[in-house]
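# Overview (structure and organization)
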Amino acid sequence: MTQTLTIRRPDDWHLHLRDGDMLKTVAHYTARQFARAIVMPNLTPPVSTVEAANAYRQRILDALPQGTDFTPLMVCYLTDSIDPAEIERGYTSGAFAACKLYPAHATTNSAHGVTDIRKMTGVLETMQRIGMPLLIHGEVTDRHVDIFDREAVFIETILTPLVADYPDLKIVLEHITTSEAVDFVNAAGPNIAATITPQHIIINRNAIFDGGIRPHAYCLPVAKREQHRLAVRAAAVSGSPKFFLGTDSAPHAIGRKETACGCAGIFNAPYALESYAQVFEDEGVLDRLEGFASLHGPRFYGLPLNEGMVTLERVDTPVPDSLGEGALALVPFHAGETLRWRLAEKA
Ligand code: DOR
Ligand code: ZN
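Thresholds applied
- Residues numbered from 1 in each chain as written.
- Chains lettered and ligands numbered in written order.
- Predicted model: local features only at pLDDT ≥ 70, side-chain atom pairs only at ≥ 80, totals over all residues.
- Heavy atoms only, no water.
- Near = heavy atom within 4 Å.
- Polar contact = N/O pair within 3.5 Å; in protein donor to acceptor, adjacent residues only side chain to side chain.
- Areas by Shrake-Rupley, 256 points an atom, 1.4 Å probe, with all protein chains shown as cover.
- Nonpolar A, V, L, I, M, F, W, Y, C, P; charged D, E, K, R; others polar.
- Donors = N, O, S within 2.8 Å, 3.2 Å for Na, K, Ca; no water.
- Helix = DSSP H or I, 4+ residues; strand = E, 2+ residues; numbered from the N terminus.
- Buried < 20%, exposed > 50% of the residue type's maximum accessible area, 1.4 Å probe, protein only.
- Phe/Tyr/Trp six-rings, centres within 6.5 Å; stacked < 30°, edge-to-face > 60°.

Close to ligand 1 lie 13 residues; Arg18, Asn42, Thr107, Leu220 and His252 are nearest. Within the side chain of His137, a nitrogen or oxygen atom sits 3.3 Å from an oxygen atom of ligand 1. In isolation ligand 1 offers 290 Å² of accessible surface; the protein chains occlude 99% of this area. Residue classes in the shell around ligand 1 are distributed as four nonpolar, seven polar and two charged.

Below you can see the structure in the form of structure tokens.
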């Protein structure tokens, strides 16, 4: 049995780092595992200017121990009124790696999101022309659409026409949860890819209601039924360059999860790579973990591969019930379980 696995240093192509004290609490977990991360811009107020992105990047670097080798890749949060010139300036100067489309009110801090994609013509034409990736939270926001159908309905009613109108636009459909999303991405051209979280290939919707309501298994898009988990899991381990690692680690303090109206988000950063490794091993394709974690993402974004390597060791790794203290305490994904892999400390 394989006892160690050495792969090129991975990146996280979808991550929430927050700000202030929470940023200081969580950033090091990601920097320990990943060389780069696409940092979501859903702060209050959202990160929608070059100036805001540069300031946030600096706060992230300041939140890490000195000498940490970690590169935050900043994302511009699209609003109805955003100026295409600001986006182009940000992309060509390296301040922005991508733009994020949150349909307004789809999820946490998305109130400033886009109310109508048809208003975004100037932005989308610019992005298509300069080759800038559009990262999409793919759920419709209509309260009348069943929450478990919102991704599939988005693909049919919004994404399909969008791709027809902008055939060369680079798109990442983020945190996919359904067989419809897998089929869509597989059928599309090489300019369409998707990120996949650990939770959506490990739990199905039963986990949210397992003997009682389980707020720490709740995220958006919400986990779907088993057939969808299996389809997304098959895509993740398929070796296709269209699918790559994006944890969507989304920390919320315990008090904001365990409450009458708990926030959406699963905090998986501390053991993300171990979690994915277990899935790839269970599927008998550990040799494909490197592509998913370290190769497909940079190739899609047109960025260089990381230079260094990391090693996973087969060591039982108990996941604590909580991490952090006081008002910043968090429950990690896999809390109370024992994972089979551990990321070796750097030599
Ligand atoms: O579960 C989620 N949490 N989904 C999102 O889209 C946003 C995120 C957050 O920021 O907490
Ligand atoms: Zn997210």
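Next up on the list: the coordination of the zinc ion (ligand 2). Around the zinc ion (ligand 2), the protein contributes the donor atoms His14 (NE2), His16 (NE2) and Asp248 (OD), at 2.0 to 2.1 Å from the metal centre. Positions of the donor residues of the zinc ion (ligand 2) along the chain correspond to the pattern H-x1-H-x231-D. Taken together, the residues His14 in strand β2 (residues 12–15) and Asp248 in the loop between β9 (243–245) and α9 (254–257) connect sequence positions 234 residues apart. Overall, Asp248 belongs to the buried group, its relative accessible area being 6%.

Here we come to the packing of aromatic side chains. For any two aromatic rings, the description comes down to two numbers: the centre-to-centre distance and the angle of the planes. All chains considered together, the criterion is met by nine aromatic pairs. Pairing Tyr77 with Tyr102 gives two aromatic rings, centres 5.4 Å apart and planes at 40 degrees, and the pair type is tilted. Separated by 25 residues along the polypeptide, Tyr77 in strand β4 (residues 71–77) and Tyr102 in the loop between β5 (98–101) and α4 (121–130) bring together distant segments of the chain. Looking at Tyr77, the relative accessible area reads 0%, which means it is buried. Under the relative-accessibility criterion, Tyr102 is labelled buried at 2%.

Everything listed is a geometric property; what it means functionally is a separate question.
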